[in-house]
Amino acid sequence: MQSPHAFWLLFHLAVSVRPLSAAPAAFSTTTANWKDFYAAQEYLDKYFSKEGEQHIGQMVAGDNPITGKIKEMQAFFGLQVTGKLDFSTMEVMKTPRCGVPDVENYRLFPGQPKWPKKSLSYRVAKYTPSMSNAEVDKAVEMGLRAWSTATPLNFVKANDGEADIMISFENGDHGDSYPFDGPRGTLAHAFAPGEGLGGDTHFDNAEKWTAGTNGFNLFTVAAHEFGHALGLAHSTDPSALMYPTYRYQHPAGFRLPKDDAKGIQALYGSRQSPKDKSTVPQRAAQTPQRTPDTDQCDTILSFDAVTVIGKELLFFKDRSFWRRQSQLKDVKPSSITSSFPKLMSNVDAAYEVADKGTAYFFKGPHYWATRGFRMQGSPRPLSEFGFPSHVQKIDAAVHLKDSKKTLFFIGEDYYSYDETEKRMESDYPKNIEDEFAGISGKIDAAEEVNGYIYFFSGSKAYKYDTEKEEVVNVVKSSSWIGC
Ligand code: TQI
Ligand code: CA
Ligand code: ZN
Ligand code: ZN
């Protein structure tokens, strides 16, 4: 029954416990008494002893086995990892763990870190010799899909640059103070949601990674690690993916166990359900105030409006705009006043109806029509489109060539205007995110190119596939003007 490891622990206890001065580092007489220490020992022995199975540990293991065990237990319960029997650690140990209760067993990290947005980028930055890159990509994609099917989260693959979730296979010491330990032991680790290392997921390159069962199955371990990267700590439910024991999972037809689904939905809500207002993405927040002289390659560059005119794409920002020939990468900056004197500056939105050869520009409660770069007549009231009177300004507009509808974005909502019938469609406004999964909050600009809708929101441009009904790529807005 007793594993050799537990025996050694008890032996260590028996010899080290007698003289008070030789109390193990884990034990501090200011935070617990000797009775607590024995109780803790018994608890750790019962729940945190290894029995030849792959178990948690190395990431938090300490200088002696008791400290290590306490740290392991603290990490398991999402407590502060001190290796000491402090108050909150004793509290958890004293909580009865009888049988397998059918209540929620998932755990979140302390402070409940989570991603403040729904579209997360990921990138496999370093591969492994154990598997082909395509197999790794597939396992990673399936591992993420396990979580995106249960939540409103969307994962978008990046091939370069800094992604939210940076994935890599690493050897030994790899610069994050959690060195890997060679074959077996620690297999992988992931950082809880946050900036920098947050969300990053590392796999021990010394393991034999596999798409099958001969070695550690990458999908199985990746799916577990992504749970951590999204904000889940370990579960006490043995059937959970977040239960800290390795069990091979077949990627095809994998469904997230109930406990994990409950856990991740506590953070992000579920996929179909109407939006949980507390999880409005932060990227929708205001873009920073800018100086009049727009720096073209500022990485936080956002746009005011984007439209096609003829064969060119036009990007408006403050008093400037950039012209980009659809095919050519050649981008030329100009000032708005030189080409469009009446517009002055700071356009809210723009779109073109190519069939009519007309483009429309919006600024506050007015709009202008142009033929090519020639303004037609004087400004007209926005209300002519049939907006309710409280709409005095729009955020973005995009004309959809196939349906001949123009979508107008205002805050979290959008309207649809029928260009053929020349009237606003009924049943609007609708919530942006309800119709465009992964797109939410304030849109700065939108444009349809080659059947995709590009939504510009702050420094990011989201490529939305209208067939798949999902975001398929996220790039920096400034990359559109050659940055
Ligand atoms: N790596 C640990 C893990 O991901 C790292 C870790 C230890 C940890 N304590 C933690 C992470 C507390 C977050 C919170 O669990 S591991 C499994 C298991 C590992 C273990 O290499 O031990 C899996 C990686 F135990 F579930 F099989 C993946 Cl699936
Ligand atoms: Ca290892
Ligand atoms: Zn690491
Ligand atoms: Zn884990």
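These figures come from a predicted structure and were not determined experimentally.

Rules used throughout
- Residues numbered from 1 in each chain as written.
- Chains lettered and ligands numbered in written order.
- Predicted model: local features only at pLDDT ≥ 70, side-chain atom pairs only at ≥ 80, totals over all residues.
- Heavy atoms only, no water.
- Helix = DSSP H or I, 4+ residues; strand = E, 2+ residues; numbered from the N terminus.
- Buried < 20%, exposed > 50% of the residue type's maximum accessible area, 1.4 Å probe, protein only.
- Contact = heavy atoms within 4.5 Å.
- Areas by Shrake-Rupley, 256 points an atom, 1.4 Å probe, with all protein chains shown as cover.
- Donors = N, O, S within 2.8 Å, 3.2 Å for Na, K, Ca; no water.
- Tetrahedral: all angles 85-135°; square planar, octahedral: opposite > 155°, others 65-115°.
- Pairing = 2+ DSSP bridges.
- Axes fitted to C-alpha atoms, helices over the stretch in contact; angles between N-to-C directions.
- Salt bridge = Lys/Arg side-chain N within 4 Å of Asp/Glu carboxyl O.
- pLDDT = per-residue confidence, 0-100.
- Phe/Tyr/Trp six-rings, centres within 6.5 Å; stacked < 30°, edge-to-face > 60°.

This next bit is on the overall build of the chain. Secondary structure summary: the chain contains nine helices and 24 strands in total. For the chain, the proportion of its 483 residues judged to be buried stands at 51%. For the chain, contacts bridging at least 24 residues in sequence account for 54% of all contacts bridging at least 6. Of the accessible surface of the chain, which amounts to about 22800 Å², a share of 51% is contributed by carbon and sulfur atoms.

Glancing now at the coordination of the zinc ion (ligand 4). On the protein side, the zinc ion (ligand 4) has His224 (NE2), His228 (NE2) and His234 (NE2) as donor atoms, found 1.9 to 2.0 Å from it. Written as a sequence motif, the donor arrangement for the zinc ion (ligand 4) is H-x3-H-x5-H. Taken as a pair, histidine 224 and histidine 228 lie in helix α6 (residues 218–230) at a separation of four residues, close to a single helical turn. The same class applies to histidine 224 as to histidine 228, namely buried.

Of the protein atoms, only Asp181 (OD), Gly182 (O), Arg184 (O), Thr186 (O), Asp204 (OD) and Glu207 (OE) coordinate the calcium ion (ligand 2), at distances of 2.2 to 2.4 Å. Considering all six donor atoms around the calcium ion (ligand 2), the spread of angles at the metal, 85 to 176°, places the coordination shape in the octahedral class.

Structurally, the position occupied by glycine 263 is in helix α7 (residues 258–268). Every residue in contact with glycine 263, bar those within four places of it in the chain, is listed here: Tyr106, Leu108 and Leu232.

Taken in spatial order, the four strands of this open sheet run β8-β9-β10-β11, and their pairing is antiparallel. The open sheet has two edge strands with one neighbour each: β8 (305–309) and β11 (331–335). Sheet twist, expressed as the average angle between the axes of neighbouring strands with direction ignored, equals 25°. In the sheet, β8 pairs with strand β9 (residues 312–317) via five bridges, with the strands oriented antiparallel. Opposite alanine 305, over in β9, you have phenylalanine 316 as the bridge partner.

Moving on, we come to the sheet that holds strand β23 (residues 460–465). The four strands lie next to each other as β21-β22-β23-β24, forming an open sheet whose pairing is antiparallel. Strand pairing shows two members of the sheet lacking a second neighbour, β21 (445–449) and β24 (470–476), which therefore form its edges. Neighbour to neighbour, the strand axes of the sheet diverge by 25° on average, direction disregarded. For strand β22 (residues 452–457) and β23, the ladder comprises six bridges, and the chain directions are antiparallel. Across the sheet, tyrosine 452 pairs through a bridge with aspartate 465, a residue of β23.

The next subject is the pattern of salt bridges. In this structure the tally under the stated criterion is 15 salt bridges. Notably, a salt bridge pairs lysine 393 with aspartate 348, separated by 3.5 Å at the nearest N-O pair. Here lysine 393, found in the loop between β15 (374–381) and β16 (396–400), pairs with aspartate 348, found in the loop between α8 (336–339) and β12 (349–353); they are 45 residues apart in sequence, far enough to count as distant. Judged by its relative accessible area of 12%, aspartate 348 falls in the buried class.

This part takes up the confidence of the model for the chain. The predicted coordinates should not be examined in detail at positions where pLDDT is low. When pLDDT is averaged along the chain, the result is 80; 76% of the residues meet or exceed 70. Contacts for the low-pLDDT stretch residues 96–102, under 50 throughout, to residues beyond four places or in other chains number five contacts. For the stretch residues 273–294, pLDDT sits under 50, and the model shows 43 contacts to residues farther than four places along the chain or on other chains.

Consecutive side chains of a regular strand alternate in pointing toward one face of the sheet and then the other. The pairing of β23 with β24 spans six bridges and is antiparallel. Residue pairing for β24: alanine 461 is matched across the bridge by valine 475.

What follows covers the side chain of threonine 210. Take threonine 210: it is sitting in strand β6 (residues 209–210). If we ignore the near neighbours within four places in the chain, the residues touching threonine 210 are Met131, Gly215, Phe216, Asn217 and Leu218.

Now for the packing of aromatic side chains. All chains considered together, the criterion is met by 36 aromatic pairs. Consider the rings of phenylalanine 169 and tryptophan 209, whose centres lie 6.2 Å apart with planes at 75°: the pair is edge-to-face. Of this pair, phenylalanine 169 sits in strand β3 (residues 165–170) while tryptophan 209 is found in strand β6, placing the two residues 40 residues apart along the sequence. For the residue pair phenylalanine 169 and tryptophan 209, the accessibility class agrees, reading buried in each case. A centroid spacing of 5.5 Å and a plane angle of 50° characterise the contact between phenylalanine 362 and phenylalanine 385, whose relative ring orientation is tilted. On the criterion of sequence distance, the pair formed by phenylalanine 362 in strand β13 (residues 358–363) and phenylalanine 385 in the loop between β15 and β16 is long-range, its members being 23 residues apart. The burial state of phenylalanine 362 is the same as that of phenylalanine 385; both residues are buried. By way of ring pairs, the aromatic residues Tyr351, Tyr360, Phe362, Tyr367, Phe385, Phe387, Phe408, Tyr415 and Tyr417 are connected into one cluster.

Where β9 lies against strand β10 (residues 320–325), six bridges are found, and the strand directions are antiparallel. Residue pairing in the sheet places phenylalanine 315 in a bridge with tryptophan 322 of β10. As consecutive antiparallel partners, β9 and β10 are separated by two residues, and within that stretch aspartate 318 has a phi angle of approximately 50°, a positive value. Where β10 lies against β11, five bridges are found, and the strand directions are antiparallel. Pairing of arginine 324 across the sheet is with valine 331, part of β11.

Let us look at unusual backbone geometry. A cis geometry characterises the amide bond from tyrosine 428 onward to proline 429, with omega recorded as 5°. Considering the arrangement of structural elements, one finds proline 429 in the loop between β19 (423–424) and β20 (430–431). Even without glycine at this site, serine 177 takes up a positive phi of about 65°. Structurally, serine 177 can be placed in the loop between β3 and β4 (188–190). Even without being a glycine, lysine 422 presents a positive backbone phi close to 55°. Under the relative-accessibility criterion, lysine 422 is labelled exposed at 54%.

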